[in-house]
2 protein chains.
Amino acid sequence: MDIETPALVVDLDRLQANVDHMAGLVSARGLGLRPHAKTHKCLEIAEMQLRAGASGLTVATLSEAQVFVSAGFTDLLVAYPVYPVGAKAERLRRLLDSAHLRVGVDNEAGAAAIAAAAPGRDVQVVLEVDSGQHRTGVLPPEVVQLARMCDSLGLSVVGVFTHGGHSYKDPAATHGAAQDEGAALAEACDSLRAAGFDIAVVSAGSTPTTGAERPAQLTEERPGSYVFYDRQQLALGACTSDQLTLSVAATVVSVHGDRFVVDAGSKALAADRPDWLQGHGWVPALGADATVVTLSEHHGIVTGAAAQPAVGDVVHVVPNHVCTVVNLFDEYVVVRAGEVVDRWPVAARGRNV
Amino acid sequence: MDIETPALVVDLDRLQANVDHMAGLVSARGLGLRPHAKTHKCLEIAEMQLRAGASGLTVATLSEAQVFVSAGFTDLLVAYPVYPVGAKAERLRRLLDSAHLRVGVDNEAGAAAIAAAAPGRDVQVVLEVDSGQHRTGVLPPEVVQLARMCDSLGLSVVGVFTHGGHSYKDPAATHGAAQDEGAALAEACDSLRAAGFDIAVVSAGSTPTTGAERPAQLTEERPGSYVFYDRQQLALGACTSDQLTLSVAATVVSVHGDRFVVDAGSKALAADRPDWLQGHGWVPALGADATVVTLSEHHGIVTGAAAQPAVGDVVHVVPNHVCTVVNLFDEYVVVRAGEVVDRWPVAARGRNV
């Protein structure tokens, strides 16, 4: 492979297998799949997901939505409590004109901003429920009050969503977080229906919790990282090493004693690291313990290799967290059986506004 | 200020003051200043640095060098052990044609690749010395052997450089790291001169260690972060809070209990965090303890505010580490006295190859 490093490398066959596997898993449960496109930010991968049966996409920001809508992906959920004012309000208006866009809400001021941004339009909102992560979202008992407030502002409340992000707290937390997601959504959904709201969307989602037993009310799952998985997902037990699909190709630039240094640092691998995980990446080809132990911006220091590589060798580093890594690159180098077969733009790279 | 968030905001007056202050400090010691442009990746800021007396720029990668050379900045040191093969070798050749470029070396294979990339050219190399960070670089007693090897490959050894990155290990480490830089460079320089090498460049550099007492051999300093400083530099004692120049403007999107959430997460603030620093950012306007305690990709959870803001408020977050934050954005919003006065491209954003 003649690629300049550091490079973002994706294995096409593994990618297709991951896309198909998750589509099958979710479909077998009778649920819809609305994958989170913040992971890949890529039109070609979104197209694979839709071909495999996804009903639409999830995005985090209006600028991500714009990239996908411009390319013809028009069924989108912005799973975020957006606060659209100024130019952001104008962007929301234009998106509502050209797409079937649903927008997250978790508070009155946000709902009021959405209503003010799109006067006279039937804006569909999905209420965020806090299922235990304690980040954004209202607790289930508060959801009817939020729904009535949205209704009074002229917004159409069509559903609820949650993200059981506490599944990432440690490898033992996944099961409980999956249960929490289901229970919180079921409670919120039942309350809203009892209050007269017509709830079409009951949406859960995180890669570790997708595939868990779900309550009858649930309608869709929103996993994101599953297209690639990563070192963190492996440690959580959400995938096997055979499913690791994305790596950062890096050149060994220095070897000293028991360490070596690659040209991928925090500007290529990102610095995300949960407290329960040591190091910043794994080099599978050099053994189970070959770990990026320290990051500078352009240096990854690796120790624990079964054998030291030579300066000039290209190694593939599995990053801790794919979503932030993808956002650092302008393109994917797409490989199949070790050969470069394509290059795909990270079309929504940096579209985080 | 009508800016869409998250946004990269730089205060022009503070920036100018930081640029001038460092130029004065280094000049007063009789040293040259070759600031590291990986921090800002910005032509306008490089121009300010040269106007204030910098002799040239430092860069980390050939693609950064290309951006600056294309804009007329032609005196550059690539302070990195580059390994140029394939397209990277071709890029090095073109840079050598159009700029006064010096390249880092820390091993024979890298030196051989540089020599092979530019046959028949007089390539000036600067040897990296390990002054205690134990990342890249050779120990001072090994530098003559490396120099002779470079010489035998036809490369011109013109100097030595080091980065006392162990100054970032903890706030008490700065003084020792500064001493280590000076001692390692003096030893390496003396050995090389004794072996007959004509050493013109003796280059130290990191923001925390710049300004320390230096040995007579030193010729230049290469600080980078000093243009903006950041939360990490503040904690290290390398700046005062009045010198903090860069922030990420973020909108409060959710307020629940004693926490609030802003729309700047790890895709805007980066996740860099030294072990000795808690949290991922500081909101000075909300008091000494207003800290981004948890990051998701698009969420920063803040606790410790002296008073809770309202949803829709825009707050300014001082990030832990400016260099990786800048690399996430396409432009700076330049402000003076609270008004937007300009926008500057992050011209070398993503140029990390």
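Just so you know, these numbers come straight off a predicted model, no measurement behind them.

Rules behind the numbers
Residues numbered from 1 in each chain as written. Chains lettered and ligands numbered in written order. Predicted model: local features only at pLDDT ≥ 70, side-chain atom pairs only at ≥ 80, totals over all residues. Helix = DSSP H or I, 4+ residues; strand = E, 2+ residues; numbered from the N terminus. Rg over C-alpha atoms; globule rule 2.2 N^0.38 Å. Buried ≥ 20, exposed ≤ 12 C-beta atoms within 10 Å, placed from the backbone. Arc of directions from axis to C-beta. Domains from an automatic or database assignment. Contact = placed C-beta atoms within 7 Å. Nonpolar A, V, L, I, M, F, W, Y, C, P; charged D, E, K, R; others polar. Pairing = 2+ DSSP bridges. Core = buried A, V, L, I, M, F, W, Y, C linked by C-beta atoms within 7 Å. Least-squares fit on C-alpha atoms with pLDDT ≥ 70 in both. Axes fitted to C-alpha atoms, helices over the stretch in contact; angles between N-to-C directions. pLDDT = per-residue confidence, 0-100. Left-handed = near helix turned anticlockwise from the far one by under 90°.

Observations regarding the overall build of chain A
Move 1: Each helix and strand in chain A was counted, giving 10 helices and 17 strands.
Move 2: In terms of overall size, chain A behaves like a compact globule, its C-alpha atoms giving a radius of gyration of 21 Å where 353 residues would be expected to give roughly 20 Å.
Move 3: For chain A, the residues scored as buried account for 60% of the 353 residues in total.

Regarding helix 5 (residues 108–117) of chain A
Move 1: Buried within helix 5 of chain A are the following residues: Gly110(A), Ala111(A), Ala113(A), Ile114(A) and Ala117(A). Buried residues along helix 5 of chain A cover an arc of 160° about the axis, so they all sit on one side.

What to know about the domain arrangement of chain A
The extent of an interface is frequently quoted as the accessible surface area lost upon association of the parts.
Residue and element names in this part refer to chain A.
Move 1: What the domain assignment reports for chain A is domain 1 (12–225) and domain 2 (241–345).
Move 2: At the junction of the two partners, domain 1 supplies 16 residues and domain 2 supplies 14 residues.
Move 3: Sorting elements by how many residues they give to the side of domain 1 that touches domain 2 places helix 1 (residues 12–28) first, with five residues.
Move 4: In terms of residue class, the side of domain 1 that touches domain 2 is made up of five nonpolar, five polar and six charged.

Brief notes about the sheet that holds strand 6 (residues 124–128) of chain B
Residues and elements named next belong to chain B.
Move 1: One open sheet holds the eight strands; their spatial order is 2-9-8-7-6-5-4-3, and the pairing between them is parallel. What marks the edges here is a single partner per strand, and that holds for strand 2 (32–33) and strand 3 (57–59).
Move 2: Alignment of strand 2 against strand 9 (residues 220–221), held across two bridges, turns out to be parallel. Along strand 9, the bridge assignment pairs leucine 33 with glutamate 221.

Remarks on the nonpolar core
Move 1: The biggest cluster of nonpolar side chains holds 232 residues, and the ones touching the most others in it are Val160(A) and Val160(B).
Move 2: In this structure, Val160(B) is in contact with Val126(B), Leu127(B), Val129(B), Val143(B), Leu185(B), Ala188(B), Cys189(B), Leu192(B), Ile199(B) and Val202(B), ignoring residues within four places of it in sequence.

Brief notes about the relation of the copies chain A and chain B
Move 1: Mapping chain A onto chain B calls for a rotation angle of 180° and an axial translation of 0.0 Å; the resulting RMSD is 0.0 Å. On the angle and the small slide along the axis, the relation comes out as a two-fold axis. Scanning chain A for the C-alpha nearest the rotation axis identifies Ala271(A), at a separation of 2.6 Å.
Move 2: With an isologous cut-off of 70% or more, the 100% of interface residues of chain A that recur at the interface of chain B puts this contact in the isologous class.

Describing the pairing of strand 13 (residues 291–295) of chain B
Residue and element names in this part refer to chain B.
Move 1: Here strand 13 runs beside strand 14 (residues 300–303); their pairing, made up of four bridges, is antiparallel. In the sheet register, leucine 295 faces strand 14, and the bridge partner there is glycine 300.
Move 2: Linking strand 13 back to strand 14 in an antiparallel pair, the connection comprises four residues.

Focus: the interface of chain A and chain B
Move 1: Listed by partner, the interface residues are 47 residues for chain A and 47 residues for chain B.
Move 2: Secondary-structure elements contributing two or more residues to the side of chain A that touches chain B are strand 4 (75–81), helix 4 (87–98), helix 5, strand 10 (246–256), helix 9 (266–269) and helix 10 (322–326) of chain A.
Move 3: Each residue belonging to the side of chain A that touches chain B can be placed in one class, and the counts come to 19 nonpolar, 18 polar and 10 charged.

A closer look at the environment of Gly182(B)
Residue and element names in this part refer to chain B.
Move 1: Locating glycine 182 in the fold gives a position in helix 7 (residues 174–194).
Move 2: Glycine 182 gets classed as buried once you count the C-beta atoms within 10 Å, which come to 23.
Move 3: Placed 167 residues apart in sequence, glycine 182 and leucine 15 show a C-alpha to C-alpha distance of 28 Å.
Move 4: Setting aside chain neighbours within four positions, we find glycine 182 in contact with Ala204, Arg214, Pro215 and Leu218.

Observations regarding unusual backbone geometry
Residues and elements named next belong to chain A.
Move 1: Residue proline 6 follows threonine 5 across a cis peptide bond; omega there is -5°.
Move 2: With a phi angle near 60°, histidine 134 is a residue other than glycine that sits in the positive phi range.
Move 3: Within the secondary structure, histidine 134 is located in the loop between strand 6 (124–128) and helix 6 (143–152).
Move 4: Overall, histidine 134 belongs to the partly exposed group, with 15 C-beta atoms counted inside 10 Å.

Quick look at the pairing of strand 17 (residues 339–345) of chain B
Residue and element names in this part refer to chain B.
Move 1: Relative to strand 17, strand 16 (residues 331–336) runs antiparallel, the two being bridged by six bridges. Considered in strand 17, the bridge of valine 333 is made with arginine 343.
Move 2: Linkage of strand 16 to strand 17, two consecutive antiparallel strands, is achieved through a turn of two residues, within which alanine 337 is found at a positive phi near 50°.

Overview of the sheet that holds strand 8 (residues 201–204) of chain A
All names here are of chain A.
Move 1: Strand order in the open sheet formed by eight strands is 2-9-8-7-6-5-4-3, with parallel pairing between adjacent strands. The outermost strands of the open sheet, each flanked by one partner alone, are strand 2 (32–33) and strand 3 (57–59).
Move 2: Where strand 3 meets strand 4, three bridges bridge the pair, whose relative direction is parallel. The residue of strand 4 that forms the bridge with threonine 58 is leucine 77.
Move 3: Strands strand 7 (156–161) and strand 8 of the sheet are contacted by helix 7 (residues 174–194), whose axis makes an angle of about 165° with strand 8.

With respect to helix 3 (residues 62–70) of chain B
All names here are of chain B.
Move 1: Taken across its nine residues, helix 3 has seven buried, putting it largely inside the fold.
Move 2: Three or more residues of helix 3 are buried, namely Leu62, Glu64, Ala65, Gln66, Val67, Phe68 and Val69.
Move 3: Against helix 2 (43–51), strand 3, strand 4 (75–81), helix 4 (87–98) and strand 5 (100–105) lie the buried residues of helix 3.
Move 4: Of the residues flanking the end of helix 3, it is glycine 72, one or two places downstream, whose phi is positive at about 95°.

Focus on the confidence of the model for chain A
Move 1: Summary statistics for chain A give a mean pLDDT of 97 and a share of 100% for residues scoring 70 or more.
Move 2: Both scores are available for the predicted complex, with the pTM at 0.97 and the ipTM at 0.97.

Quick look at the packing of helix 3 (residues 62–70) of chain A against helix 4 of chain A
All names here are of chain A.
Move 1: Where helix 3 contacts helix 4, the axes come no closer than 10 Å and their chain directions differ by 35°. Between helix 3 and helix 4 lies a crossing whose hand is left-handed. Facing Leu62, Ala65, Gln66 and Val69 of helix 3, the residues of helix 4 in contact are Lys88, Arg91, Leu92, Leu95 and Ser98.
Move 2: When grouped by side-chain class, the residues that make up the contact of helix 3 with helix 4 number five nonpolar, two polar and two charged.

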